[in-house]
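Overview (structure and organization)
Given next are the chains, with one letter for each unit.
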Amino acid sequence: MAEGKHRAPETDAAQALHGFEASDGAVTPPLQPSTTFARQRDYSLLSGDYQRDHSPTLHPAEALLAQLEGGSAAMLYASGMAAAAAVIQSLRPGDHIVAQRVMYWGLRKWLQGFCQDFGIALDLVDAEQPGAIQAALRPGETRIVWIETPSNPMWEVVDIAAAADAAHGAGAKLVVDSTVATPVQSQPLALGADIVFHSATKYLNGHSDVLAGALVTADSESELWQRAKAYRAQGGAMLGAFEAWLLLRGMRTLYLRVARASESALWLAQRLSGHPKVAEVLYPGLEGHPGHAVAARQMRGGFGGMLSIRVTGGREAALRTAGACDVFLRATSLGGVESLIEHRATIEGESSPVPEDLLRISVGIEDRNDLLADLEQALDKGTSDA
Ligand SMILES: *Cc1c(COP(=O)(O)O)cnc(C)c1O
């Protein structure tokens, strides 16, 4: 990979790092679906023996992601949740985790159940508040600090460098869910994080057609990484070859897609601020957002493609607004080329800390005027009785 080092990440992504060598001159990486690999007559192996611990199609995608994040190694999993579980399952009973209170709810919910069942202590904290992580740490006992920035669905921003300092001071590792920021706009490892997590289902793939997760480590020799690696091979949560191949294809346009989504999201956030039917726009690129100063310092090239709006008239008006959209699709998930709108409280259920009037918006790569016009007519219809 030394050759790729002096090139811009846009070049590495577009060319898939040239992490493959085709004997026939192919310019795209091959797809190798074989689950098993034959031995020579002397019983030696040519590469690996079985796809669960050796899947050649994964290597170029993992190498590219490691390069884009500035890490020493990456691993792909069957979903984001499988990648998160791999980190948490490398802990032992009696260990302690500090995690963010308002984050991707599926992970928070799973963490709470898993930690309870397996004797791992868990503290949920408002990680975006200075000092909150520090106060929850138990030196010698805390193994992992887990943050997400910008975080679902309020897009709060956590100071990664400060979180890394606090975690390391207590002997813990910092894991950053960088699904929303992507390697295009955030480099958590350079800020001191130990592991970067992605739901690769989202921006990395970018086309809403692959379920995948990823971990990238700063130190591939660490005990945590070695345990997670063994766990993937044995537990079997690795990504399938076809999905890895599609994911790499998606990653080749990552920089274009993220730049476009991020520009449009900022433009929409600005246009919707002050709209009479919008009580609040949540977007870290807006100067009035509580996380703006930290985001401006630790993100680059924009503030991401995700924003939320709080609709005047509460839950019913929010649901009617979503129902009136024609261009935005009413769907969960994020980071695809198509724009999505979602009433989060409906998805998360009763225990959710998400306001009832909130609509989460994933901005795609469509014409931004179409997106704004759609939201404006939907807000008019949705809030007309309010
Ligand atoms: C989607 C998502 C996850 C979970 O990933 P899956 O690929 O759905 O398993 C975790 N974190 C964030 C921020 C996400 O958006």
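This is a predicted model, so every value here is computed, not measured. Within any chain, residue numbers begin from 1 and follow the written order of that chain's sequence. Where totals are concerned, whole chains, interfaces and linings use all residues; where local detail is concerned, this predicted model gives features only for residues with pLDDT of at least 70, and gives and counts side-chain atom pairs only at 80 or more. The basis for every side-chain value is the complete set of heavy atoms in the structure, and neither hydrogens nor water enter the calculation.

The subject of this paragraph is the pairing of strand E1 (residues 73–77). The rule is simple: take the accessible area with a 1.4 Å probe, protein chains only, and divide by the maximum for that residue type; under 20% is buried, over 50% is exposed, in between is partly exposed. Numbering of helices and strands starts at the N terminus; helices are DSSP runs of H or I of at least 4 residues and strands are runs of E of at least 2. Of all 5 residues that make up E1, 5 are buried, and the element is covered over most of its length. Here E1 shows a buried face lined by Ala73, Met75 and Tyr77 and a second buried face lined by Ala74 and Leu76. Two strands make a pair as long as DSSP finds a minimum of two bridges between them. Sheet topology places E1 next to strand E7 (residues 213–217); 5 bridges connect them, and they run antiparallel. By the bridge assignment, Ala73 is partnered in E7 with Thr217.

Structurally, the position occupied by Arg227 is in helix H8 (residues 223–235). For the pair formed by Arg227 and Ala86, sequence separation is 141 residues and the distance between their alpha carbons is 8.7 Å. For this analysis, residues touch if any pair of their heavy atoms sits within 4.5 Å. Not counting the four nearest positions on each side in its chain, Arg227 is found in contact with Ser90, Leu91 and Arg92.

On to the sheet that holds strand E11 (residues 340–343). Strand order in the open sheet made by the 5 strands is E8-E9-E12-E11-E10, with mixed pairing throughout. Either end of the sheet is taken by a strand with one partner, and the two such strands are strand E8 (278–282) and strand E10 (329–330). Here strand E9 (residues 306–311) pairs with strand E12 (residues 358–362) via 5 bridges, running antiparallel. Each bridged residue has a counterpart across the sheet, and for Leu307 the counterpart in E12 is Ile361. Lines fitted to C-alpha atoms define the axes, with helix axes restricted to the stretch in contact, and inter-axis angles between N-to-C directions lie between 0 and 180 degrees. Each of E8 and E9 touches helix H10 (residues 254–272); the most contacted strand, E9, lies at about 20° to it.

Here the focus is unusual backbone geometry. Phi is mostly negative for residues that are not glycine, and the peptide bonds are mostly trans. At the junction of Thr149 and Pro150, the peptide bond is cis and its omega measures out at -15° in the coordinates. Its place among the elements puts Pro150 in the loop between strand E4 (142–148) and helix H6 (160–169). In this structure, Pro153 follows Asn152 across a cis peptide bond, with omega equal to -20°. At Ala16, a position not held by glycine, the phi torsion is positive, near 50°. On the secondary structure map, Ala16 appears in the loop between helix H1 (9–14) and helix H2 (58–69). The exposure class of Ala16 is buried, given its relative accessible area of 0%. Backbone geometry places Thr182, a non-glycine residue, at a positive phi of 60°.

Throughout, near means a residue has at least one heavy atom within 4 Å of the molecule or strand. Residues in contact with the ligand amount to 14 residues; listed here are only the nearest, Met81, Asp177, Ser199, Thr201 and Lys202. Two N or O atoms form a polar contact when they lie within 3.5 Å of each other; inside protein one atom must be a possible hydrogen donor and the other a possible acceptor, and for residues adjacent in sequence the pair counts only when both atoms belong to side chains. The contact in question runs from an oxygen atom of the ligand to an N or O atom on the backbone of Met81, over 2.8 Å. One of the side-chain N or O atoms of Ser199 is found 2.8 Å from an oxygen atom in the ligand. Note on areas: Shrake-Rupley with a 1.4 Å probe; residue coverage comes only from the protein chains shown. Relative to its unbound accessible surface of 380 Å², the ligand loses 94% to contact with the protein. Only Asp, Glu, Lys and Arg are considered charged, only Ala, Val, Leu, Ile, Met, Phe, Trp, Tyr, Cys and Pro nonpolar, and every remaining residue, Gly among them, polar. When grouped by side-chain class, the residues that make up the shell around the ligand number 5 nonpolar, 6 polar and 3 charged.

A separate point is the domain arrangement of the protein. Looking at the assigned domains, one finds that the protein contains domain 1 (9–251) and domain 2 (254–382). Computed from C-alpha coordinates alone, the two centres of domain 1 and domain 2 are separated by 26 Å. The interface of domain 1 with domain 2 comprises 37 residues on the first partner and 37 residues on the second. Summing the contributions of domain 1 and of domain 2, the shared interface buries around 3200 Å²; its carbon and sulfur component is 61%. Computed with a 1.4 Å rolling probe, the buried area is the accessible surface lost when two parts are put together, summed over both parts. Of all residues in domain 1, Trp155, Gln185 and Tyr203 give up the largest surface area on contact with domain 2, accounting jointly for 26% of the area buried on that side. Any Lys or Arg side-chain nitrogen found within 4 Å of a carboxyl oxygen on Asp or Glu counts as a salt bridge. One salt bridge in this structure joins Arg297 and Asp159, with 2.7 Å as the shortest N-O distance. Viewed at the interface, domain 2 and domain 1 are joined by 20 residue pairs in polar contact (both at pLDDT 80 or more). When residues of the side of domain 1 that touches domain 2 are traced back to their parent elements, those giving at least two are H1, helix H4 (105–117), helix H7 (182–185) and helix H9 (241–251). The leading source of residues in the side of domain 1 that touches domain 2 is H7, at 4 residues. Considered class by class, the residues forming the side of domain 1 that touches domain 2 number 20 nonpolar, 12 polar and 5 charged. All domain edges in this entry derive from an automatic or database-based domain assignment.

Moving on to the packing of H2 against H9. One way to put it is that H2 packs onto H9 with a least axis distance of 8 Å and a crossing angle of 35°. Considering only the axes of H2 and H9, their crossing is left-handed. Packed against H2, whose contacting residues are Leu58, Pro60, Ala61, Leu64, Leu65 and Leu68, the element H9 presents Ala244, Leu248 and Met251 at the interface. Of the residues that constitute the contact of H2 with H9, the class distribution is 9 nonpolar, no polar and no charged. Handedness of a crossing is defined here by the sense of rotation of the near helix relative to the far one, left-handed for an anticlockwise turn of less than a right angle and right-handed for a clockwise turn.

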